[in-house]
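Close look at the chain arrangement
Chain by chain, the residues:
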Amino acid sequence: MQRRNFIKTGSIAGLALSVTAATSCNKLPADKNESTENAKDDFALNEVTIDTLQQKMKSGEYTSQSITQLYLDRIAAIDKAGPKLNAVIEVNKDAMNMAFAMDKERKNGKVRGPMHGIPVLIKDNINTGDNMHTTAGSLALADNFAKQDAFIIRQLRKAGAVILGKTNLSEWANFRSTHSTSGWSSRGGQTKGPYILDRNPSGSSAGSGAAASANLCAVAIGTETDGSVVSPSSVNGLVGIKPTIGLLSRSGIIPISATQDTAGPMARTVKDAAILLGALTGVDAQDTYTLAGKDKAQKDYTLFLDKNGLKGKRLGVEKDAFKGNEEMQALLKAAIETLKSQGAEVIEIELLKDLKDAGKAEFTVLLYEFKDGLNKYLSDSNAKVKSLQDVIDFNRKNAGKAMPYFKQEIMDQAQQKGSLSSKEYTDALQLSHTGTRAAINNILQKNKLDAIIGPTNGFAICIDLVNGDYDNGFSFSSPAAMAGYPHITVPMGAWNELPMGLSFFGTAFSEPELIKLAYAYEQASKKRTPPKFKVDLLS
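What counts and what doesn't
Residues numbered from 1 in each chain as written. Predicted model: local features only at pLDDT ≥ 70, side-chain atom pairs only at ≥ 80, totals over all residues. Heavy atoms only, no water. Helix = DSSP H or I, 4+ residues; strand = E, 2+ residues; numbered from the N terminus. Contact = heavy atoms within 4.5 Å. Axes fitted to C-alpha atoms, helices over the stretch in contact; angles between N-to-C directions. Parallel < 35°, antiparallel > 145°, perpendicular 65-115°, else oblique. Nonpolar A, V, L, I, M, F, W, Y, C, P; charged D, E, K, R; others polar. Buried < 20%, exposed > 50% of the residue type's maximum accessible area, 1.4 Å probe, protein only. Pairing = 2+ DSSP bridges. Right-handed = clockwise from strand over helix to strand, strands pointing away. Left-handed = near helix turned anticlockwise from the far one by under 90°. Phe/Tyr/Trp six-rings, centres within 6.5 Å; stacked < 30°, edge-to-face > 60°. Lys NZ or Arg CZ within 6 Å of the ring centre and 35° of its normal. Core = buried A, V, L, I, M, F, W, Y, C linked by side-chain atoms within 4.5 Å.

A closer look at the environment of K158
- Summarising the element assignment, K158 is placed in helix 5 (residues 151–158).
- Sequence spacing of K158 and A481 is 323 residues, and the spatial spacing of their C-alpha atoms is 29 Å.

Some details on unusual backbone geometry
- Residue S204 is reached from G203 by a cis peptide bond, and omega for that bond is 10°.
- The phi angle at W172 is positive, at roughly 55°, despite the residue not being glycine.
- One can find W172 in helix 6 (residues 171–174).

Concerning the side chain of T364
- Structurally, T364 can be placed in helix 11 (residues 356–379).
- Other than its neighbours up to four places away in sequence, T364 contacts E424 and A428.

Remarks on the packing of helix 10 (residues 326–341) against helix 17 (residues 511–525)
- The geometry of helix 10 relative to helix 17 is characterised by a closest axis approach of 10 Å and an angle of 105° between their N-to-C directions. Comparing the axis directions of helix 10 and helix 17 gives the class roughly perpendicular. Packed against helix 10, whose contacting residues are A335, T338 and L339, the element helix 17 presents Y521, A524 and S525 at the interface.
- For the contact of helix 10 with helix 17, the class distribution of residues is 4 nonpolar, 2 polar and no charged.

Some points on the pairing of strand 2 (residues 119–123)
- Counting buried positions along strand 2 gives 5 out of 5 residues, so the element sits mostly inside the fold.
- Both faces of strand 2 are covered, namely the face carrying P119, L121 and K123 and the face carrying V120 and I122.
- Where strand 2 and strand 3 (residues 162–167) come together, 5 bridges link them in parallel fashion. Residue pairing for strand 3: P119 is matched across the bridge by V162.
- Crossover handedness for the path strand 2 to helix 5 to strand 3: right-handed.
- Where strand 2 and strand 6 (residues 219–224) come together, 3 bridges link them in parallel fashion. Residue pairing for strand 6: L121 is matched across the bridge by A220.

Remarks on helix 7 (residues 206–213)
- Most of helix 7 sits out of view: 8 of its 8 residues are buried.
- Along helix 7, the residues that are buried comprise A206, G207, S208, G209, A210, A211, A212 and S213.
- Buried residues along helix 7 sit against strand 2, strand 3, strand 6, helix 8 (230–235) and strand 8 (262–267).
- Of the residues one or two after helix 7, N215 is the one with positive phi, at around 60°.

Here's the deal with the packing of helix 3 (residues 64–79) against helix 4 (residues 95–107)
- Put simply, helix 3 and helix 4 touch, their axes get as near as 8 Å, and they point 155° apart. Judged by the angle between their axes, helix 3 and helix 4 are roughly antiparallel. Helix-helix and strand crossings are classified by hand; for helix 3 and helix 4 the assignment is right-handed. Between helix 3 and helix 4, the residues in contact are S64, Q65, T68, Q69 and L72 and A95, M96, A99, F100 and D103, respectively.
- Here the residues of the contact of helix 3 with helix 4 are counted per class, giving 5 nonpolar, 4 polar and 1 charged.

Regarding helix 9 (residues 270–280)
- Summarising burial for helix 9: 10 of the 11 residues are buried, a large majority.
- Among all positions of helix 9, only V270, D272, A273, A274, I275, L276, L277, G278, A279 and L280 are buried.
- G282 sits one or two residues past helix 9 and shows a positive phi near 150°.

With respect to the packing of aromatic side chains
- Under the definition given, this model contains 11 aromatic pairs.
- Ring centres of F175 and F370 lie 5.0 Å apart, and the angle between their planes is 65°; on these two criteria the pair is classed as edge-to-face. One end of the pair, F175, is in the loop between helix 6 and strand 4 (184–185); the other, F370, is in helix 11, and 195 residues separate them in sequence. There is no split in this pair, since F175 and F370 are both buried.
- The lysine or arginine in question, R250, covers the ring of Y289, its NZ or CZ lying 4.5 Å from the ring centre.
- Taking the ring centre of F509 as reference, the NZ or CZ of K296 above it sits at 5.4 Å.

Some words on the nonpolar core
- Core analysis: the largest hydrophobic core is formed by 121 residues, its most contacted members being M115, I152, L156, I221, L339, I452 and F504.
- Considering each element in turn, this core owes the most residues, 8 residues, to helix 9.
- The contact partners of M115, leaving out residues within four places of it in the chain, are I50, Q54, V120, L156, A159, G160, A161, V219, I275, L276 and A279.

Coordinates in, geometry out; function isn't part of it.
Printed below as a string of structure tokens:
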């Protein structure tokens, strides 16, 4: 959603503060299995952490198989029936076999690490070399079975995790149309927000956000180009980590941008997100960007969890966040008081005003890199479509099913672009990537800051398949996204049960410092609350 709004405006200047979100949304057509009452929730694993699951498996109270079955039953009850979140696009038929194998290893005295036997949901633009599809939510890729796992999935398997299934997403990771609705795909349909069902869970990692928040899994993996991990994490009351570009491999992930794409963990706590992040790191020969993280990646980011991590720290808060939307301002001011109470100094800064031109250039960069990256991915895939042009043609021929609500003008624009040697591309990349890095570095150094903070984005908007997404008031994802810098969001409260996150971002490979800050804030504030699956805001 955040990237889609950004594309509409064409610049960060367009992301000005707007009025408070509407009190109620237009109703979607009722599903025959959908209850009209707010769901009651007594799930045995509600809000459970990775540590607790490990303790219960160690004691014998649970096994990986019993935990996996509980989550599969939960998906059937909450995602496919009940409130029908529609967050999971495909369940892994091999999940119970994986859990059995991990239980057998544990029984024989082998525990691979903190992810051993832990069920994980992953976004459906990440390759798995198994019986699940990899489609980016697109009917054009409905027949695509990947030849092999993405690198991060190999790392996940080595860590002993159970791949529970794949999550729905904004089709093509929200890079198809300027009038799209986040969380909708032609293969998976519309994902709903678990807090209030007629609200959009944001995108493009909509399914991962809704699923982790609704306790359909222990943790989830999303991907981000600009906002697609941190935005759905924010509106779904989650911790989301968008890593430095190069910390995690992107090989085997359906691409948008070589300079901005990354996977990232989405979890209910900072510690769980840190555990998952460490399991995914590693140098990959097929992604040369990971060479930059060779000596910087950690296998255990929990080493940086410090309740006193804010003491003596200096943080810069984006001034634009105080210009509108009283509810957001109130949450931010309360968060700042919490930060100060934990020993941090907070000063106002102005970063967004320096990035207006960079914001305009970003979209140009993405158009070029999307065409180049997607053509390379498809040419070596098992899908029938072998190029961006093939996808465009498929959608046109199958418009009734593939494009019933919005079209593919972004894809059309990308197809018209030339090679990555084009001057238009290199100039835009210099402005958006290099220029943004310089602006962030300058603010950090000039003000002697440990990190930059602000609201991650505005409150969840209404699902609107007629008009598409609209401005939700604020977005703070673009600076770190364009720079390729790390970004962490942590729940900072809610208004009328609509959550909002607090962002922390800094320079390249500063994940340890950001995790320290985020954890200290989380432990001092404790703002995560589980969703109640309200039908609408007025119920």
